[in-house]
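Listed below are the residues making up each chain.
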Amino acid sequence: MRGQPQSSHTPSNPDALDLLQQLMETHPADQQPWHTPVVLRSADEQRAHALRGYLFRTWFDGLLQHTERLLFCAVLLVFGYWMYDGPVRDWLYMYSAPQATVARAAQPQAVVATSQPNTPANDTAPNVERAPLPFTTPDMAVAAEDGFIAPRAIADAPLAPQALQPERLQIPALELDTNVKEVFVHDGVWEVADYAAGYMHGTALPGESGTMALAGHAGMRGGVFRSLGDLQPRDDILVDAAGWRYRYRVRESFSVRPTQTEVLAPATTPVLVLITCTNWDTERLIVMADLIESKPIPKN
């Protein structure tokens, strides 16, 4: 067999010759190593493989998770109860029994001489139990034997005290007009009236020489005394009782601790004390006022 004739043609381009010579002298590169073979794993095995070097969840982690859920549910329950017992309850009360519109009382031009109805003679100012001031918890109660003498009995007076107990409270400066309900001490703690001012049983009656105390909520349950801190000296407070209107004038306001019951101590002149909570229920705001006049309630 005849072989193919050798080409006698020689490329005239020296660069091509150099490239050819370089390719012939260069050793082929080493082949790439084989890749790791694919491994089939279950989801749990793959998770364990991917999280190598990390701590796995233990029973303690599960306990913490369940505790967080329980705490979250407890917070929801507490918040729900607060909403129902506070804003929702107030809204339902306002919806079912809207309060009357407050009428601003005209300021008197001159102080009228005090005249009072036939009240029982009382040479000794009435006293009250030395229970902590309203808005307290049972653990703050003070033993009754360490307190004032017991409140007077109804039979001590010819005219039943209920006939002269305050029925209505008006504070024109605060646009407040509210009913007054009598409250008592239960288990060493004063009650607080809802949606009304609370007349503290055993304190002086309107117009009497002594200290008459009215307490009220500052937040929920009507919050009748929410703006009590805005009262200024010489603001007037009107108290209606048994067809008479008693006008008190603010003397001063200050804060005390819940156990400072000396603010309820008997006075030698007719004094009105308004009490509500302040400073996140750690103190009690006290407003003291003096009687300046009393007269029959004008008929509309």
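Reference entry: report on the structure contained in this document. (Residues numbered from 1 in each chain as written. Predicted model: local features only at pLDDT ≥ 70, side-chain atom pairs only at ≥ 80, totals over all residues. Heavy atoms only, no water.)

What follows concerns the overall build of the chain. Broken down by element type, the chain carries three helices and 10 strands. Its helices and strands taken in sequence order, the chain reads α-α-α-β-β-β-β-β-β-β-β-β-β from the N to the C terminus. Sorting the 300 residues of the chain into buried and exposed places 34% on the buried side. Long-range pairs, those at least 24 residues apart, make up 65% of the contacts in the chain with a sequence separation of at least 6. If you sum the accessible surface of the chain, you get close to 20,100 Å²; carbon and sulfur atoms cover 57% of it. (Helix = DSSP H or I, 4+ residues; strand = E, 2+ residues; numbered from the N terminus. Buried < 20%, exposed > 50% of the residue type's maximum accessible area, 1.4 Å probe, protein only. Contact = heavy atoms within 4.5 Å. Areas by Shrake-Rupley, 256 points an atom, 1.4 Å probe, with all protein chains shown as cover.)

Attention shifts here to the sheet that holds strand β9 (residues 270-278). Here we have eight strands rolled up into a closed barrel, ordered β1-β2-β5-β6-β9-β10-β8-β7, and mixed in their pairing. Within this sheet the neighbouring strands show an average axis-to-axis angle of 30 degrees, counted without direction. (Pairing = 2+ DSSP bridges. Axes fitted to C-alpha atoms, helices over the stretch in contact; angles between N-to-C directions.)

Moving on, we get to the environment of E191. If you trace the backbone, E191 turns up in the loop between β4 (189-190) and β5 (197-200). In sequence terms E191 and A215 are 24 residues apart; their C-alpha atoms lie 9.1 Å from each other. Once you skip the residues sitting within four places of it in the chain, E191 turns out to touch V183, F184 and H186. Of note is the side chain of E191, whose polar atom sits 3.2 Å from the side chain of H186. (Polar contact = N/O pair within 3.5 Å; in protein donor to acceptor, adjacent residues only side chain to side chain.)

Moving on, we come to the pattern of salt bridges. Applying the stated rule across the entire model yields nine salt bridges. The partner of D236 in a salt bridge is R249, and the shortest N-O contact between them spans 2.8 Å. You can see D236 sitting in strand β7 (residues 236-241) and its partner R249 sitting in strand β8 (residues 244-256), a full 13 residues away along the chain. The burial state of D236 is the same as that of R249; both residues are buried. For R247, the salt bridge goes to E293, with nearest N and O atoms at 2.7 Å. Residue R247 is found in strand β8, and its partner E293 is found in strand β10 (residues 283-296); the two are separated by 46 residues along the sequence. Like E293, R247 is buried. (Salt bridge = Lys/Arg side-chain N within 4 Å of Asp/Glu carboxyl O.)

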